[in-house]
Amino acid sequence: MEHAETAGNKIIFSVWFGLLGLTVLELVLAYRDLPLETMLSILMVLSVIKAAMIIAYFMHLRYERASLFVTLIPSLVFVLIMMTVIFADSSRLAHMRSLIQ
Amino acid sequence: MSHSSGPLSATAVHDGRDLPVWGGGALPYAVPSKKLGMWLFIVSDAITFSAVIFAYGYLRLAAPAWPRPFETASIVNATVMTFVLLSSSVAMVLAVRASSLGKVSGAVGWLVATALGGVIFDILHIREWLGLIAEGVRPFSNPWGTPMFGAAFFTMTGLHMIHVTIGVVYLLIIAVGFGRRKLSAVDVEVSGLYWHFVDLVWMFIFPLVYLLSAKMA
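The shown structure was predicted, so the numbers you read here are calculated from the model rather than taken from an experiment.

Visitor: What's the story with the overall build of chain A in this structure? I'm lost.
Guide: When helices and strands are tallied, chain A shows four helices and zero strands. Element order for chain A, N to C, with α for helix and β for strand: α-α-α-α. Since a compact globule built from 101 residues should have a radius of gyration of about 13 Å, the 19 Å found for chain A marks it as more spread out than a globular shape. Taken over the C-alpha atoms alone, chain A extends approximately 65 × 35 × 15 Å along its principal axes. In chain A, buried positions account for 16% of the 101 residues.

Visitor: Honestly, the domain arrangement of chain A in this entry has me stumped. Any pointers?
Guide: Assigned domains within chain A: domain 1 (1-64) and domain 2 (66-101). Taking the mean C-alpha position of each, domain 1 of chain A and domain 2 of chain A sit 22 Å from one another.

Visitor: When you look at the domain arrangement of chain B in this model, what are you seeing that I'm missing?
Guide: Accessible area lost upon the coming together of the parts is a frequently used measure of interface size. Taken as a whole, chain B is organised into domain 1 (1-30) and domain 2 (31-213). Of note, the centres of domain 1 of chain B and domain 2 of chain B, computed from C-alpha atoms alone, are 43 Å apart.

About the criteria used
Residues numbered from 1 in each chain as written. Chains lettered and ligands numbered in written order. Predicted model: local features only at pLDDT ≥ 70, side-chain atom pairs only at ≥ 80, totals over all residues. Helix = DSSP H or I, 4+ residues; strand = E, 2+ residues; numbered from the N terminus. Rg over C-alpha atoms; globule rule 2.2 N^0.38 Å. Buried ≥ 20, exposed ≤ 12 C-beta atoms within 10 Å, placed from the backbone. Domains from an automatic or database assignment.

This is the structure in structure tokens:
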């Protein structure tokens, strides 16, 4: 194994406390009276930040060669963006339902 | 066999010609092939989870009123589960580090601690499931409306729970194998990638399933 550079204790425990802190922040936000879309957007941004912290430091991707990141992550993000195509149909369904009632 | 540095510098005689063969010199990703294999699995598994999460989003957006059944006790339970899983990931990082330094007992200890976190997570989650089932939630019916709530909830959290359970068994097998010096530090690291991924997925399921369905006072 090649570990030219790796995250030390200080970084790992900072990431851990950061993740716990963001979780508490999400918990506090959940009980705020915000519109569902706003709440969803804020929570998803926080979740993506948490996921990035886990991938970069716990899964060590930050310290790997850039070729590994380029192979794995952009294709995944592309597939996820393509999947959002279903939501147009979902809101159409909600709209048609409101017409019937 | 190659004694030179370039990846294609060695040659072998084939059909009477000297053809270049890969001498094993340079790895394009500079990671062991097992590790690349696990990363590729993780990307495909991420797409599987995403499909389930997007299906939930589809249903919820189309539904006129999605149930918000989770009392404060359930939200606290799910938050504790999140803390347990995040902490087990730190134990996993320490297991990987101990194994790469050749500290066998340390690595085995941290692996068992990680697996224990998974067991606690499962117990807390099954308790939540049993509570909902007792309240009358079924895959296609529940007391609050939108019938698909149960199917979406049980599929998403169930798929994750299966991953945690498989992870616990996987980590214990790695702990035994590494303890008997039959597995290498790479095997510990690869199991760590899987465990962190299971943790990562929960970072999305927790807010989407629990926080967005918290019962408001």
